[in-house]
Amino acid sequence: MDLTLYDQFGAEIASFLNIEGENTENGDGTALFVGAVSDADNIARMVLAGAGDGAAINAIIVPEPPTLLLTLTLLGLLPAALRARIRGGRTVR
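Throughout, residues of each chain are indexed from 1 in the direction in which the sequence is written. Whole-chain, interface and lining totals are the exception, using all residues; otherwise, since this is a predicted model, local features are given only for residues with pLDDT of at least 70 and side-chain atom pairs are given and counted only at 80 or more. To obtain the side-chain values, all non-hydrogen atoms of the structure were included, while hydrogens and water were left out.

### Observations regarding the sheet that holds strand 2 (residues 12-16)
Pairing between two strands requires that DSSP report at least two bridges joining them. Secondary structure elements follow DSSP: runs of H or I of four or more residues count as helices, runs of E of two or more count as strands, with numbering from the N terminus. Read across the open sheet, the three strands follow the order 2-1-3; overall the sheet is antiparallel. Taken across any chain shown, the strands that pair with only one partner, and hence form the sheet edges, are strand 2 and strand 3 (45-49). Averaged over all pairs of adjacent strands, the angle between strand axes in this sheet comes to 15°, irrespective of strand direction. When strand 1 (residues 2-6) meets strand 3, the two strands line up antiparallel, connected through five bridges. Bridging from a neighbouring strand, Leu5 pairs with Met46 of strand 3. Angles here are taken between N-to-C directions and fall from 0 to 180 degrees, while the axes themselves are lines fitted to C-alpha atoms, restricted in helices to the stretch in contact.

Structural data, given as structure tokens:
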């Protein structure tokens, strides 16, 4: 099986060729697992080729940028809130 990743403009980002694994209905955990992550947040499309009969996609997980941004913002504000609490709520001007 081959996996090819593309950006939003249709340009190929990466290609993984000849990925091998078991493609059976045994349910014994030998099925192939394929995943891809990009730090640039630029994967718009992926193509699986040569998977044969019986291939299936279990789940596609895409992180939610707003949730991640909110979490990072709150973690960034945590030290300031702790400092203010330690100083008794006084603000320095």
